[in-house]
Every structure is written in structure tokens, then in C-alpha cells.
Amino acid sequence: MLIYRHSFQSKLPEVPTSIFSVMSALAHKENALNLSQGFPDFESDKNLINMVHKAMVNGKNQYAPMPGIFSLRQAISNKMEHLYGVSYNPETEITITAGATQAIFTAIATTVKKDDEVLIFKPAYDCYEPTIQLFGGKAIAVQLDPESFIIDWKLVKSLITDKTRMIIVNTPHNPSGRILTAIDMLQLENILKDTNILLLSDEVYEHIIFDGELHQTAALYPVLAERAFITASFGKTFHNTGWKIGYCLAPKELMAEFRKVHQFNVFSVNHPTQVALAEYLKTPSNYLNLNNFYQQKRDLFLSLIKDTRFEFIPSKGTYFQLLNFKNITDESDYDFAIRLTKEQKIASVPISVFNENGLDTKVLRFCFAKTDETIKKAAEILCNI
Ligand code: PMP
Ligand code: GLN
């Protein structure tokens with residue numbers, strides 16, 4: 001084993017291994033049901049898999065064009081037009097990325113400079129803050145109310161300074177399962193109008209929204225759309241998180257800068273998968289049925305655990321459900337999550353890791369993107385706790 005003997009200063013000294021890797025590895029080791037990391041335990045549509053196979057057989061195995069294949073960008077543009085009546089030019093305003101993670105990374109790399117401030121809402125998905133830090137920026141955290149997760153827009157306004165470069169929002173929100181309303185979006189418009197502040201709107205759960213609610217994309221709000229990088233993930237929508245394909249939407253001027261970074265970040269992403277997705281997106285029911293599909297799973301899970309000692313407010317979107325365990329133990333959420341995995345054979349995610357200063361509100365996140373059989377097994381375990 002070689003030893004590195006020179007001094008080296010970490011760029012991310014405080015950053016641990018992601019909780020998703022930690023909990024999934026523990027679930028595997030303990031042979032526990034894995035409701036921690038967010039991914040389905042069922043297969044993607046066989047037709048879609050066959051389309052990828054066909055693209056490979058047809059020789060789509062070399063580099064795709066840098067911004068993504070045109071037919072996929074066109075299909076995304078059509079979807080935005082059809083669903084929201086907004087126009088994104090496939091030539092200049094849409095780029096295919098290696099999952100939403102790369103879209104987020106590239107959007108931040110493109111825009112955030114040393115000492116810039118970026119407002120994020122906590123609990124926050126784990127990739128925002130380290131990426132801001134990597135480019136010399138400073139994340140300014142707004143801790144949300146741990147029960148309602150409602151945004152206090154007056155507080156947000158008071159945190160805006162000359163250094164504020166960007167605000168990052170995420171709806172439907174991971175991990176809380178809350179969604180932003182039209183009123184939230186109007187408040188955000190009010191704060192951003194007449195400023196140069198950019199918006200990163202992480203909308204990876206766009207098609208997983210419940211109880212008839214409408215997804216409030218930043219694209220619908222002119223003051224937001226003109227400054228927004230909108231990020232999306234096919235992994236979430238088509239049950240193939242391992243393919244790592246997503247995209248970014250932004251106005252032409254911003255997208256031109258985004259692509260300057262994208263070309264040296266990944267250059268281009270998986271070609272045969274893009275060909276298949278372009279074809280698959282032509283059938284809107286492939287994504288429009290997702291709300292019902294996951295709402296049934298949420299309802300099954302909640303109906304089976306309603307008499308447990310866990311407390312919950314039903315998730316409004318995403319495939320995550322938060323459960324409060326304050327009636328069960330006063331252990332930390334992290335310790336309880338580890339103990340449940342080892343002793344009860346069920347893995348979840350402690351949400352303190354997404355909170356400011358590790359705020360522990362005795363809440364665990366469970367992923368219900370699982371077969372009904374897995375959901376029933378999970379509920380059985382939770383009923384005995
Ligand atoms: N944003 C949020 C809120 C997420 O939950 C995830 C991951 N599931 C991502 C971004 C990253 O998506 P991808 O797997 O496509 O990189
Ligand atoms: N987004 C997924 C989650 O929230 C995990 C993705 C990852 O492992 N990085 O669980």
C-alpha cells in the first residue's frame with residue numbers, strides 16, 4: 001500500500017460520506033429491508049429497456065452530441081409545451097446531463113464565484129452545500145419549520161445581501177415530501193424581481209405529486225423562468241436511477257455558459273439511453289400515470305402503519321414519507337436509524353443530516369418506491385416497534 005506523504009488540504013474537510021451510501025451499505029450488510037436511499041426495488045418498463053437494447057444494436061454506441069441528442073431535447077421541449085404551455089428551445093435551452101446531480105453541479109460551477117452567497121432551505125438535499133463550497137461560495141441556510149416545512153419568505157428577504165448570487169429551491173421537496181404552492185412562487189418572484197439573483201429549481205420529483213396538486217415549476221413564472229436553471233431526472237420518473245440521465249433547462253444566455261462547463265465536466269452523456277428516452281417520452285402516459293402509481297403506494301404504506309406509535313403528515317410529493325418517533329424513544333435519529341437497521345432489519349434515513357447544525361427533530365425518512373410486498377413487510381416491522 002502506497003502512503004501519500006505530502007501535505008494536502010481537503011477542499012471539503014467537513015464533508016462525510018453521503019448518508020445514502022452509509023445506510024444502503026449498512027442495510028446490505030445487515031440484510032435489512034432498504035427503505036433508506038431513494039430508489040425503486042422494481043424494474044423499469046421492459047419496453048424502455050428493449051428500446052435501449054435496440055439503440056445499442058443499431059450502433060448508437062459512440063459519443064452523443066455535447067448537449068444531448070436533438071430528438072430527446074425536442075421531446076423534452078414538447079413535454080414542457082404540452083404540460084405547462086412554456087417554450088424551451090431544444091437547440092439552445094435544454095442540455096442532457098448525467099442525472100440531476102451533474103446538472104446541479106454544473107449549474108453551480110457555472111455561476112458561483114468566491115464569496116458568493118447561495119440561499120438554501122434546510123433540510124436540504126445533500127449535494128447543494130458541498131458543491132457551493134467547492135467553488136468558494138457560502139451556503140446561507142434557512143432552517144424550515146420541522147413540522148410544516150413552510151418557507152418564511154420575510155426571513156428569506158431579510159437574508160438577501162449584495163453577495164447573494166443564487167437561491168436553490170426544491171419542489172416536491174426531498175426529504176419532507178412538501179410542495180411549493182403558487183403563493184410561494186409568487187413570493188419568490190417578488191423577492192427576485194429587479195435583482196440579478198439566479199434561481200436553481202430542483203424539480204426531480206415533478207411527476208410524483210399527490211392529491212390532485214399541480215407541480216409549480218419555475219418555468220411557469222416569468223420572473224423566475226428568466227433566471228432559472230431547472231433540473232430534472234429521468235431516473236426518478238422511469239424507475240432507473242442507475243442510468244443517471246437527467247437534464248437542465250435554462251434561458252439561452254445562461255445555457256450557453258452552462259454548456260461551456262458541461263463540455264469539460266462530462267462532455268456528453270450515455271448515448272443509447274438517450275435514444276430510448278426520446279422514443280419513450282412520445283407517450284405522455286409513461287410519465288403522467290406516475291402520480292397515481294405512487295399515491296397508491298403512499299396510501300398503502302400509511303394505511304398499514306396508521307396504528308403504530310410513529311406520527312406522520314402524509315407526503316404531498318416525492319416517494320418519501322417522514323415518520324416522527326418521539327413517542328418511541330429519545331435516542332438521536334441517527335442512532336435510532338442504525339439500531340432499526342441492525343435489530344429490526346429496516347433501514348431509513350435520519351433527517352438531522354439534512355438540517356442546519358444537525359437539528360434532530362426525531363424524524364426518519366422512509367422510501368416507499370417499493371413493491372407492495374416490500375411495503376407490507378416494512379409496515380409489519382414498524383407495527384412491532
Ligand atoms: N435532487 C434531489 C432532490 C434528489 O432527491 C436527487 C436524487 N434522487 C437528485 C437531485 C439527483 O438526481 P439524479 O439521481 O438524477 O442525479
Ligand atoms: N436522491 C436519493 C435519495 O434522496 C439518493 C441519491 C444518492 O444516493 N445520491 O435518497
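Residues numbered from 1 in each chain as written. Chains lettered and ligands numbered in written order. Predicted model: local features only at pLDDT ≥ 70, side-chain atom pairs only at ≥ 80, totals over all residues. Heavy atoms only, no water.

- An unreviewed UniProt entry lists the protein under the name Aminotransferase class I/II-fold pyridoxal phosphate-dependent enzyme, with Gramella jeungdoensis as the source organism.
- Quoted verbatim from the Cofactor (unreviewed entry) field of UniProt, the annotation for the protein is "pyridoxal 5'-phosphate".
- Taken from UniProt, the Sequence similarities (unreviewed entry) comment for the protein reads in full: "Belongs to the class-I pyridoxal-phosphate-dependent aminotransferase family." (UniProt positions renumbered as here; feature names shortened; annotations may be inferred.)

**Looking at the domain arrangement of the protein**
Link 1 in the chain: According to the domain assignment, the protein contains domain 1 (19-38 + 288-383) and domain 2 (46-282).
Link 2 in the chain: Between the C-alpha centres of domain 1 and domain 2 the distance comes to 26 Å.
Link 3 in the chain: Contacts between domain 1 and domain 2 engage 26 residues on the former and 30 residues on the latter.
Link 4 in the chain: Interface area for domain 1 against domain 2, summed over the two sides, is near 2600 Å², with a carbon-plus-sulfur share of 58%.
Link 5 in the chain: When residues of domain 1 are sorted by the area they lose upon contact with domain 2, Lys 316, Thr 318 and Phe 354 head the list and together hold 26% of the total.
Link 6 in the chain: As a salt-bridge pair, Asp 211 and Arg 298 come within 2.8 Å of each other at their nearest N and O atoms.
Link 7 in the chain: Among the secondary structure elements, those contributing two or more residues to the side of domain 1 that touches domain 2 are helix H13 (290-305) and strand S9 (320-324).
Link 8 in the chain: Ranked by residue count, the leading element in the side of domain 1 that touches domain 2 is H13, at six residues.
Link 9 in the chain: In the side of domain 1 that touches domain 2, the residues fall into 14 nonpolar, eight polar and four charged. (Domains from an automatic or database assignment. Contact = heavy atoms within 4.5 Å. Buried area = accessible area lost by both parts, 1.4 Å probe. Salt bridge = Lys/Arg side-chain N within 4 Å of Asp/Glu carboxyl O. Helix = DSSP H or I, 4+ residues; strand = E, 2+ residues; numbered from the N terminus. Nonpolar A, V, L, I, M, F, W, Y, C, P; charged D, E, K, R; others polar.)

**So, the site of ligand 2**
Link 1 in the chain: Taken together, Phe 20, Gln 37, Gly 38, Tyr 125, Asn 174, Tyr 205, Lys 236, Phe 320 and Arg 365 are the residues near ligand 2.
Link 2 in the chain: Between a nitrogen atom of ligand 2 and a side-chain N or O atom of Tyr 125, the distance comes to 3.2 Å.
Link 3 in the chain: Calculation on ligand 2 without its partners gives an accessible area of 300 Å², and the protein chains cover 78% of this total. (Near = heavy atom within 4 Å. Polar contact = N/O pair within 3.5 Å; in protein donor to acceptor, adjacent residues only side chain to side chain. Areas by Shrake-Rupley, 256 points an atom, 1.4 Å probe, with all protein chains shown as cover.)

**Digging into the pairing of strand S7 (residues 228-233)**
Link 1 in the chain: For S7, the tally of buried residues reaches six of six residues, placing the bulk of the element in the interior.
Link 2 in the chain: Looking at chain direction, S7 and strand S8 (residues 246-249) are connected through four bridges and run antiparallel. Note that in S8 the partner of Ile 230 across the bridge is Leu 249. (Buried < 20%, exposed > 50% of the residue type's maximum accessible area, 1.4 Å probe, protein only. Pairing = 2+ DSSP bridges.)

**Structural notes on the state of the cysteines**
Link 1 in the chain: Under the counting rule described, the total for this entry stands at zero disulfides.
Link 2 in the chain: Of all cysteine sulfurs, the one in Cys 127 lies closest to Cys 367, which takes part in no disulfide; the gap is 17 Å.
Link 3 in the chain: The thiol of Cys 383 is not disulfide-bonded; the next cysteine sulfur, from Cys 367, is found 19 Å away. (Disulfide = S-S within 2.5 Å.)

**Section: the site of ligand 1**
Link 1 in the chain: Not every one of the 13 residues close to ligand 1 is listed here, only the nearest: Thr 101, Asp 202, Tyr 205, Lys 236 and Lys 244.
Link 2 in the chain: Per element, the largest residue contribution to the shell around ligand 1 is four residues, and it comes from helix H4 (residues 99-111).
Link 3 in the chain: Along the lines of polarity and charge, the residues of the shell around ligand 1 split into five nonpolar, five polar and three charged.

**A short note on the side chain of Lys 236**
Link 1 in the chain: Here Lys 236 lies in helix H9 (residues 234-237).
Link 2 in the chain: Among buried charged residues, Lys 236 stands out as having no salt bridge; its nearest opposite-charge side chain is Asp 202, 8.9 Å away.
Link 3 in the chain: When near neighbours in sequence (up to four residues on either side) are disregarded, Lys 236 contacts Gly 38, Val 204, Tyr 205, Ile 208, Thr 241, Leu 290 and Tyr 319. (Lys, Arg positive; Asp, Glu negative; His and termini not counted.)

**Some points on helix H1 (residues 19-30)**
Link 1 in the chain: Its twelve residues place the ends of H1 16 Å apart at the C-alpha level, agreeing with the 16 Å of an ideal helix rising 1.5 Å per residue.
Link 2 in the chain: For H1, the complete set of buried residues consists of Ile 19, Phe 20, Met 23, Ser 24, Leu 26, Ala 27 and Glu 30. Buried residues of H1, viewed axially, fall in a sector of 160°; they line one side. Looking at H1, the residues exposed on the side facing more than 90 degrees away from the buried face are His 28 and Lys 29.
Link 3 in the chain: Looking one or two residues beyond H1, the residue adopting positive phi is Asn 31, at roughly 55°. (Expected span 1.5 Å × (residues − 1). Arc of directions from axis to C-beta.)

**Some points on the UniProt feature "domain: Aminotransferase class I/classII large" (unreviewed entry) in the protein**
Link 1 in the chain: The UniProt feature table records "domain: Aminotransferase class I/classII large" (unreviewed entry) at residues 32-381.
Link 2 in the chain: Counted over residues 32-381, helix gives 39% and strand 15%. Its end C-alpha atoms are 11 Å apart.

**A word on the sheet that holds strand S6 (residues 198-202)**
Link 1 in the chain: Strand order across the open sheet formed by seven strands is S2-S8-S7-S6-S5-S3-S4, with mixed pairing between neighbours. Each edge of the sheet is formed by a strand with only one pairing partner; in this case those strands are strand S2 (94-97) and strand S4 (138-143). Pairs of neighbouring strands in the sheet enclose a mean axial angle of 20°, with direction left out of account.
Link 2 in the chain: In this structure, strand S3 (residues 117-122) lies alongside strand S5 (residues 164-170), joined through four bridges in parallel fashion. Bridge assignment links Ile 120 to a residue of S5, and that residue is Ile 168. (Axes fitted to C-alpha atoms, helices over the stretch in contact; angles between N-to-C directions.)

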